[in-house]
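So you can see what is in the structure, the chains are spelled out below.
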Amino acid sequence: MVDENDKPPRQLAASGVGGLDDILIGGFERRNLYLIEGMPGSGKTTLAMQFLIEGARLGETCLYISLSESEAELRRSAQSHGWALEGITILEVVPLEADPDQQQRLLHPSEVELGHTVDLITEAIETAKPDRVVIDALTELRLLAEDPFEYRRQILMLKRYFSRCDCTVLALDDLTDASPGLHLHSVVHGVLSLEARRMEYGAVRRRLSIVKLRGVNFRSGYHDYVIRTGGLEIYPSLVASDHRTDFPAEAQSSGVAALDSLLGGGLRRGTSTLLIGPSGVGKSTLAIQYALAAIEHGGRAAIFAFDESYRTAAERGSGLGLDLDGAQ
């Protein structure tokens, strides 16, 4: 038996993504290889950039290895979020048929062969000695492989190499090739899945899940996220037990003495009540009265309206002498 107190403290790399460190219970464990998978447009590159930007902010050496996009494209994408990518080295590994008039940092595989491309990656890491690395994307490495076994062998070699070099690596995979035998879930330390669900109605819904995280705890389930100017913002799924607080089980008044009398003093705190009835009977009005009564007694209230705007509810309440705008 190993005493929990005897375990060395976890060395964590903050992700730089709002909400993600909460899901990872602190961040990415260093010196490991992580797979970030998702269809094109799900936000993998944006997440990877945030990871490196956070590292650069902390004074770490960061390397972005691009196998599919040019440095100019990456910088334009970063600029759309207001990022300059200062302190981040971008290495392009492109096929021979690309424009031969390239700047010095463009590297070309002498053949479309996986082993040589991997050598270019390791040489770049030997030179830069980075703390954080992003490989975008494994799809290109997979296309260079002669067979699934060679591809897996090279990835295993890279994994051991990254560990020796003290690198924390995010490898991106766009899932455009679902061929059997090419999955790397058993090889990498952790797998994060990004999903963009196109609904029949409304906007695209994006959600993240931790498929695997070896040796540590994490928040399971699906976690919604959005991509806005400034990057990904993830909203960890709520677990009631994590937010339990003590409060007095007192009655909450509605502000209507007769109704409170019928309810034995009012609704009890910590309970849920459903107001039902046809349109026009006063459900919304009663709910607003409860909210204003709570504020009047020094409490706080929130109203979530789905079938009308706040302005409509406030104007209707004002006509009944219920001042939502004046509530503090």
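The structure we're discussing is the one just above.
Keep in mind that this is a model prediction, so the values were computed, not measured.

About the thresholds
Residues numbered from 1 in each chain as written. Predicted model: local features only at pLDDT ≥ 70, side-chain atom pairs only at ≥ 80, totals over all residues. Heavy atoms only, no water. Pairing = 2+ DSSP bridges. Helix = DSSP H or I, 4+ residues; strand = E, 2+ residues; numbered from the N terminus. Axes fitted to C-alpha atoms, helices over the stretch in contact; angles between N-to-C directions. Parallel < 35°, antiparallel > 145°, perpendicular 65-115°, else oblique. Contact = heavy atoms within 4.5 Å. Phe/Tyr/Trp six-rings, centres within 6.5 Å; stacked < 30°, edge-to-face > 60°. Buried < 20%, exposed > 50% of the residue type's maximum accessible area, 1.4 Å probe, protein only. Lys NZ or Arg CZ within 6 Å of the ring centre and 35° of its normal. 1 Å grid on protein atoms, 1.4 Å probe; cavity = no way out; pocket = protein on both sides within 12 Å on 5 of 7 lines; lining within 4 Å. Points joined across faces, edges and corners; volume = space filled by probe spheres on them. Nonpolar A, V, L, I, M, F, W, Y, C, P; charged D, E, K, R; others polar. Core = buried A, V, L, I, M, F, W, Y, C linked by side-chain atoms within 4.5 Å.

Trainee: Can you walk me through the pairing of strand E11 (residues 222-228) in this structure?
Mentor: The two faces of a sheet get side chains in turn, since along a regular strand they alternate between them. Pairing of strand E10 (residues 205-213) with E11 involves 4 bridges; the strand directions are antiparallel. Bridging across to E11, Arg207 finds its partner in Asp224. Where E11 meets strand E12 (residues 231-235), 5 bridges bridge the pair, whose relative direction is antiparallel. Paired with Arg228 across the two strands is Gly231, which belongs to E12. If you look at the hairpin formed by E11 and E12, you'll find 2 residues sitting between the two strands, and Gly230 has a positive phi there, around 110 degrees.

Trainee: It is not clear to me how the packing of helix H4 (residues 114-128) against helix H6 (residues 148-164) should be interpreted in this structure. Could you clarify?
Mentor: Axes are the key here: two packed helices are described by the angle between their axes and the distance separating the axes. Across the interface, H4 lies against H6 with an axial gap of 11 Å and an inter-helix angle of 10 degrees. One element, H4, and the other, H6, form an angle in the roughly parallel class. In this structure, H4 uses Leu114, Gly115, Val118, Thr122, Ile125 and Glu126 to contact H6, whose residues at the interface are Glu150, Tyr151, Gln154, Met157, Leu158, Tyr161 and Phe162.

Trainee: How should the packing of aromatic side chains be read in this particular structure?
Mentor: Aromatic ring pairs are reported here in terms of the distance separating the ring centres and the angle at which the planes meet. Summed over the entire model, instances satisfying the criterion amount to 3 aromatic pairs. With a centroid separation of 4.8 Å and an interplanar angle of 65 degrees, the aromatic rings of Phe28 and Tyr34 are classed as edge-to-face. A residue is classified by how much of its surface remains accessible, and Phe28, at 1% relative accessible area, is buried. Among the aromatic residues, those joined into a ring-pair cluster are Phe28, Tyr34 and Phe51. Positioned above the aromatic ring of Phe51, the side-chain terminus of Arg132 is 4.6 Å from the ring centre.

Trainee: Please explain the layout of surface pockets as it appears in this structure.
Mentor: In this structure, the largest pocket spans a volume of roughly 1,400 Å³. Every residue lining the largest pocket is counted, 38 residues in all, and those nearest its centre are Ala287, Tyr290, Ala291, Ala301 and Ala302. Broken down by secondary-structure element, the contributors of at least two residues to the lining of the largest pocket are strand E13 (251-252), strand E14 (267-268), helix H8 (283-296) and helix H9 (310-319). Ranked by the residues each element gives to the lining of the largest pocket, the list is headed by H8, at 8 residues. For the lining of the largest pocket, a count of residues per class yields 19 nonpolar, 11 polar and 8 charged. Within this model, the second largest pocket holds a volume of roughly 300 Å³. For the lining of the second largest pocket, the secondary structure elements donating two or more residues are helix H2 (44-57) and helix H5 (138-144).

Trainee: Honestly, the environment of Ile25 in this entry has me stumped. Any pointers?
Mentor: Note on placement: Ile25 falls in the loop between helix H1 (20-23) and strand E2 (28-29). Sequence spacing of Ile25 and Val216 is 191 residues, and the spatial spacing of their C-alpha atoms is 8.6 Å. Ignoring any residue separated from it by four or fewer positions in sequence, one finds Ile25 in contact with Arg10, Leu12, Asn217, Phe218 and Arg219.

Trainee: What am I meant to see in unusual backbone geometry here?
Mentor: Among all residues save glycine, negative phi is the norm, and among peptide bonds the norm is trans. Cis rather than trans, the peptide bond between Asp136 and Ala137 has omega equal to 5 degrees. Mapping Ala137 onto the fold places it in the loop between strand E7 (132-136) and H5. With phi around 55 degrees, Ile25 is a residue other than glycine that occupies positive phi space. The class of Ile25 is partly exposed, set by a relative accessible area of 36%.

Trainee: Teacher, can you tell me more about the nonpolar core here?
Mentor: When a protein is soluble and globular, its nonpolar side chains tend to lie buried together. Membership of the largest hydrophobic core comes to 34 residues, with the highest contact counts inside it found for Leu20, Phe28, Tyr64, Val134, Leu170 and Leu208. Considering each element in turn, this core owes the most residues, 5 residues, to H2. If you look at the next biggest cluster of nonpolar residues, it comprises 30 residues, including Leu67, Ile121, Ile135 and Leu184.

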